[in-house]
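In case you want the letters, here they are:
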Amino acid sequence: MTLAAPALDHVDLRTPEILAAIEPDHERILITTGPRSGLTIIVAVHSTRLGQALGGARMWTYAHWTDALADALRLSQAMTLKNAAAGLLRGGGKAVIRVPVGTAVTPELKRQAMLDLGDAVASLGGAYMTAEDVGTSADLMAIVAERTEHVCGLPAEQGGVGEPADATAAGVHAGIVATVAELFGSESLGGRHFCIAGLGQVGGRLARSLARAGARLTLSDVVPSKRELADELGAAWVEPEDAHRVVADVFVPCGLGGVLTPETIAELRVRAVVGAANNQLSSRESAALLAERGILWAPDFVVNGGGVIYLDLASVPGADEALVGERVGAIGETLAGVYRESAARGITTLAAAERLAFARLDAAR
Ligand SMILES: NC(=O)c1ccc[n+]([C@@H]2O[C@H](COP(=O)([O-])OP(=O)(O)OC[C@H]3O[C@@H](n4cnc5c(N)ncnc54)[C@H](O)[C@@H]3O)[C@@H](O)[C@H]2O)c1
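Rules and cut-offs
- The residue numbering used here restarts from 1 in each chain and proceeds along that chain's sequence as written.
- In keeping with the model being predicted, local features are shown solely for residues with a pLDDT of at least 70 and side-chain atom pairs are shown and tallied solely at 80 or more, while totals for entire chains, interfaces and linings include all residues.
- Here is the check we use: build the C-beta atom from the backbone, and if it is within 6 Å of the molecule or strand, call the residue near.
- Under the DSSP-based scheme used, a helix requires at least four consecutive residues in state H or I and a strand at least two consecutive residues in state E, with every element numbered from the N terminus.
- Residues were grouped as follows: Ala, Val, Leu, Ile, Met, Phe, Trp, Tyr, Cys and Pro as nonpolar; Asp, Glu, Lys and Arg as charged; and all remaining residues, including Gly, as polar.
- Burial is judged by counting other C-beta atoms within 10 Å of a residue's own C-beta: 20 or more means buried, 12 or fewer means exposed, and anything between counts as partly exposed, with every C-beta placed from the backbone.
- Two strands pair under a simple rule: DSSP has to find at least two bridges between them.
- Helix span is expected to be 1.5 Å times the residue number reduced by one.
- This arc corresponds to the set of directions leading from the helix axis out to the C-beta atoms.

**Q** Help me understand the site of the ligand in this model?
**A** Lining the immediate environment of the ligand, one finds 29 residues, of which Thr 168, Gly 198, Gly 200, Gly 255 and Gly 307 sit closest. Within the residue set of the shell around the ligand, elements represented by two or more residues are α5 (165–184) and α6 (201–212). In terms of residue count, the dominant contributor to the shell around the ligand is α6 (3 residues). In terms of residue class, the shell around the ligand is built from 16 nonpolar, 12 polar and 1 charged.

So this is what it looks like as structure tokens:
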């Protein structure tokens, strides 16, 4: 996965506030300087209660190393919820490789960083398995595999299962069908209007699958050339800053996180928000604001779990492809259960999804 947004070539999380807001209940946090790359590598193992932690390795530019730490702490916590909600016997973890601002990321530096990451992962003795994420790829995971067996998502020609975007998009599609059924009493997407913001690996695939299902589409991306996809699919185009204001049935954020702020929520003109983007809520308060406006929100860590389900289940030797597909499709039923729980208890969909994940974690105590 690569994030092409030019305005986001580095991450500045203003860490003192962010770090103060994080309860560091992680099992292990490894912070090391890669001997080959010289880069700070952080591996956060949040929980292994359900099994070996699984989560991707992000290689990105951060203003300060503590920004990378804050990201690793939050992302690994989210992986615990995602893996538990997906019903996997997997804990939550994440690796972050911090590229200092202004560093040229050459192929050689990437190779050195992947070897360093492999050693860091190996030093944890199997507590954590890594995979691709923003800034890394299946090809880079093959380099990690030179140093550790605890890596998945290698290219098919090297015996791996490749990148998980197909499965992620299939899971979000299933979540959209479940949401439409909840709202309109029918699973048919024909004539329903979706606004997709972010046409990368996942959003692009989703646009095609929704178009095949007869949906009406409005598409958006910060990269203007993505408009070609809208033309190809006969979809409308909207500039990214206006995407959340489109009058539609469902807003589908597939770009970066943090899109659902009090300001954007007040301007939404949809019945539901269902998308692949991680960490969509700017804060917990956003979940309540969406509920107050009567907008159904599909918790991101439930609806975008297709990729991790695929990486976990397809990586097992002799994996049954059809069964993996069924488990990805079951995200629709999981989400329908979250909606029912939310309505029955009068709680937000976020709280209902967390209840589901925590129940699975508690059962494993
Ligand atoms: N790829 C996966 O399997 C997977 C799995 C789980 C979660 N996710 C999450 O889904 C999201 C998309 O992942 P991806 O692999 O498709 O990433 P990607 O980098 O391939 O695509 C992201 C796209 O969003 C666009 N974008 C960025 N900011 C935008 C904005 N403000 N408005 C409109 N477009 C914007 C980018 O230009 C790019 O085309 C990310 O948040 C990612 O963390 C992906």
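Let's pick the thread back up.
**Q** So what exactly am I meant to see when it comes to the pairing of strand β4 (residues 57–62) here?
**A** On a regular strand, one side chain projects to one face of the sheet and the next to the other, so that they alternate. Burial of β4 is extensive: 5 of the 6 residues sit out of reach of the surface. By the bridge criterion, 6 bridges tie β4 to strand β5 (residues 91–100) in an arrangement that is parallel. The residue of β5 that forms the bridge with Ala 57 is Ala 95.

**Q** Help me understand the sheet that holds strand β10 (residues 250–253) in this model?
**A** Here we have 6 strands laid out as an open sheet, ordered β9-β8-β7-β10-β11-β12, and parallel in their pairing. Both outer strands of the open sheet, β9 (236–237) and β12 (296–297), are each paired with one neighbouring strand and no more. As judged from the 4 bridges shared by strand β7 (residues 193–197) and β10, these two strands associate in the parallel manner. Bridging across to β10, Ala 197 finds its partner in Pro 253.

**Q** Would you mind going over helix α13 (residues 331–345) with me for this structure?
**A** For an α-helix the count is 3.6 residues per turn, leaving residues at separations of three or four pointing the same way. Under the 1.5 Å per step criterion, the end-to-end length of α13 is 21 Å for 15 residues, consistent within 8% with the ideal 21 Å. Along α13, the positions that sit buried rather than exposed are Ile 331, Gly 332, Thr 334, Leu 335, Val 338, Tyr 339 and Ser 342. Around the axis of α13, the buried residues are gathered within 165° of arc, so they sit on the same side. Turned more than 90 degrees from where α13 packs its buried face, Glu 333, Arg 340, Ala 344 and Arg 345 sit exposed. Gly 346, located one to two residues past α13, shows a positive phi value of around 65°.

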